[in-house]
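Summary of the model geometry
The chain contents come next:
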Amino acid sequence: MAVDSAISSPLGPPACEKDAKALRFIEEMTRNADPVQERVLSDILTQNSQTEYLRRFKLNGASDRDSFKSKLPVITYEDLQPEIQRIANGDRSAILSAHPISEFLTSSGTSAGERKLMPTIKEELDRRQLLYSLLMPVMNLYVPGLDKGKGLYFLFVKSETRTPGGLLARPVLTSYYKSEHFKTRPYDPYNVYTSPNEAILCPDSFQSMYTQMLRGLQDRHQVLRVGAVFASGLLRAIRFLQLNWRQLSQDIETGTLNQKVTDPSLRECMGKILKPDPELARFVRHECSKESWEGIITRIWPNTKYLDVIVTGAMAQYIPTLDYYSGGLPKACTMYASSECYFGLNLNPMCKPSEVSYTIMPNMAYFEFLPHDPNSAGFTRDSPPKLVDLVDVEIGKEYELVITTYAGLCRYRVGDILRVTGFHNSAPQFHFVRRKNVLLSIDSDKTDEAELQKAVENASRLLREFNTSVVEYTSYADTKTIPGHYVIYWELLVKDAANSPTDDFLKQCCLAMEESMNSVYRQGRVADNSIGPLEIRVVRNGTFEELMDYAISRGASINQYKVPRCVNFTPIMELLDSRVVSTHFSPALPHWTPERRR
Ligand code: AMP
């Protein structure tokens, strides 16, 4: 029942007193966005005034916006690489942050093929936790009764390593799930998960997924929402069910646990929960053995009210498949976050995916916005960019997000392009447009044009033996299969027809390309099984000329025409696919280990 709140919130009415407090906090932050931002900047600059970084730019203890903006440069990860490397190597002096760097968060964004290392400090966990605590109070405004059941969330930890200086390096969610904040969270009826902590924390992705799915099946009537962080993760879970439902129903029938689950803590925890349930086993077999899996999510979990997955940005490509498996359930995109900083939340989470806007919470960091002009050549030291403050962005305009964090990133370009769609009080709301320079993405992998070019070069070197070269190429992220995979279209010049490259050889070219991809791609292939084998489709000679003719017939200028290095426009795909003469898949997994190459 809704609780009457003395200060009625425009976001209300809240579902309970705890929610009322959270909603009041959102109102307070968004009403006072500018003073909050000013205070956040002043806190950060005061806290870090003695750091090597701020001293280098002669801030002399100033904590005001004008000094900050006039003295500190706007930077990218590469600019900070020397400092990051020193911290990684064990230098514990106050380089970027006055507080000790507690660990590195490994971003899915890469630099020179390896995940970027984002320094973080202990107190950032509280800030992340605070943002998480706002999500359900907002969701409860739109979906009543979520305290009457559970959430089936597929959540995973990934491998972690240590830097040469001994600091942990791991993804932000791994850090969060392993924290006491998560592990010993107090009971909250609105946040009950079917997955036990032991399953979420199991580092083996098969064992983790298996037990999480088993628990989800056991609690199928109680499940009110089904989710994963990204859409690709939820589809991977559905694929897992397709591959493993026989064994899962066997376990349900007998009340025993698959021998492949060997993790002792998992066996112990599941041993207490598993009881023979022949009726449920029959039901699972009946549903999963049907030829069509359309609507499988609502068939198995009939009380699901929405899917909780991010389907904005690169994940939008999965919307049709999610709709197919869920019978078109609403898809809630609740938050926008990164390893560098958690940014904000969606105040209208049940809206259509195309209408999702995230409200940046002004207490999370100091935010600036670089007007985004796709035609500009960039900026130089002589013509520094004019950055706009959070409350000064204009509706309809696009900006690149620049952040200054408590952990010591100063005027750091995140690389995300956002468009302003409106305001909640004085806090702007943003549509996530895209991440800069990403050509191909299946899961959290992000491959840019230079990386693809390098991969094609490395693979085509192998072709010399056949006196063959790659004349042109383009690419496509094929998400029709689960997991999705990269498709590279090649037009070849075979100089000696009697000695043209064999299928086996072209398969090796696929693998060579995969070996050249960045570590996030290779981890997706090897450890997470979130990306399928790369495919080369050889097209017949003249195809890329036809592609150009097509583009020109649609108004492209002959002089300025460039071969698109990634395609997804249906007529172009159809043209390319109709010219395919052979297809070849990578025959093996590329190399990947948790250790960084540098
Ligand atoms: P990572 O640093 O690996 O945590 O990745 C963070 C990046 O993921 C962000 O900078 C965005 O590019 C992307 N991302 C995070 N949340 C969202 C979202 N809600 N919608 C679209 N993209 C997102």
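In the nomenclature of an unreviewed UniProt entry, the protein is known as Indole-3-acetic acid-amido synthetase GH3.1 of Gossypium tomentosum. As stated in UniProt under Sequence similarities (unreviewed entry), the record for the protein gives "Belongs to the IAA-amido conjugating enzyme family."

All right, on to the overall build of the protein then. Of the regular secondary structure elements, the protein holds 20 helices and 20 strands. A compact globule built from 598 residues would reach a C-alpha radius of gyration of about 25 Å, and the protein, at 25 Å, matches this within 12%. The C-alpha extent of the protein, read off along each of the three principal axes, is 80 × 75 × 50 Å. The buried share of the protein, taken over its 598 residues, is 55%. In the protein, which carries 70 positive and 72 negative side-chain charges, the distance between the mean positions of the two groups comes to 2 Å.

The UniProt entry lists residues 451–569 under the feature "domain: GH3 C-terminal" (unreviewed entry), expressed in the numbering used here. Split by type, residues 451–569 is 38% helix and 22% strand. Its first and last C-alpha atoms lie 22 Å apart.

Let us now look at the site of the ligand. Taken together, 15 residues form the shell around the ligand, and within it S108, T312, S339, Y358 and D416 come nearest. With respect to the ligand, the side chain of S108 contributes an N or O atom lying 2.5 Å from an oxygen atom. When the ligand sits alone it has 500 Å² of accessible area, and the protein chains cover 90% of it. The element best represented in the shell around the ligand is strand β9 (residues 335–337), accounting for three residues.

This part takes up unusual backbone geometry. The omega torsion across I482 and P483 is -5°, close enough to zero to call that bond cis. Structurally, P483 is set in the loop between β17 (468–478) and β18 (485–494). Its identity is not glycine, yet A112 carries a phi of approximately 50°, on the positive side. Assignment of secondary structure puts A112 in the loop between β1 (103–111) and β2 (114–120). You can call A112 exposed: its relative accessible area is 64%. The backbone of N437 shows a phi angle near 60°, a positive value even though the residue is not glycine. As for its placement among the helices and strands, N437 is situated in the loop between β16 (427–435) and α16 (449–462).

Let's shift gears to the pattern of salt bridges. What the rule picks out here adds up to 43 salt bridges. In this structure, the salt-bridge partner of D528 is K158, at a minimum N-O distance of 2.9 Å. Remark: K158 occurs in the loop between β3 (150–154) and β4 (161–162) and D528 occurs in the loop between α18 (519–526) and β19 (535–539); sequence separation between them is 370 residues. Classification of D528 by relative accessible area gives buried; the value is 15%. Its salt-bridge partner being K178, residue E160 comes within 3.1 Å of it at the nearest N-O pair.

Taken together, four strands build an open sheet; the order of strands is β3-β6-β7-β8 and the sheet is parallel. Each edge of the sheet is formed by a strand with only one pairing partner; in this case those strands are β3 and β8 (331–332). In this sheet, strand β6 (residues 223–230) lies alongside β3 in parallel orientation, the contact comprising five bridges. Its bridge partner lying in β6, K150 is registered against V223. Sitting on the sheet, helix α11 (residues 231–254) is in contact with β3, β6 and β7 (306–310), with an inclination near 120° to β6.

Definitions and limits used
- Residues numbered from 1 in each chain as written.
- Predicted model: local features only at pLDDT ≥ 70, side-chain atom pairs only at ≥ 80, totals over all residues.
- Heavy atoms only, no water.
- UniProt positions renumbered as here; feature names shortened; annotations may be inferred.
- Helix = DSSP H or I, 4+ residues; strand = E, 2+ residues; numbered from the N terminus.
- Rg over C-alpha atoms; globule rule 2.2 N^0.38 Å.
- Buried < 20%, exposed > 50% of the residue type's maximum accessible area, 1.4 Å probe, protein only.
- Lys, Arg positive; Asp, Glu negative; His and termini not counted.
- Charge placed at Lys NZ, Arg CZ, Asp CG, Glu CD.
- Near = heavy atom within 4 Å.
- Polar contact = N/O pair within 3.5 Å; in protein donor to acceptor, adjacent residues only side chain to side chain.
- Areas by Shrake-Rupley, 256 points an atom, 1.4 Å probe, with all protein chains shown as cover.
- Salt bridge = Lys/Arg side-chain N within 4 Å of Asp/Glu carboxyl O.
- Pairing = 2+ DSSP bridges.
- Contact = heavy atoms within 4.5 Å.
- Axes fitted to C-alpha atoms, helices over the stretch in contact; angles between N-to-C directions.

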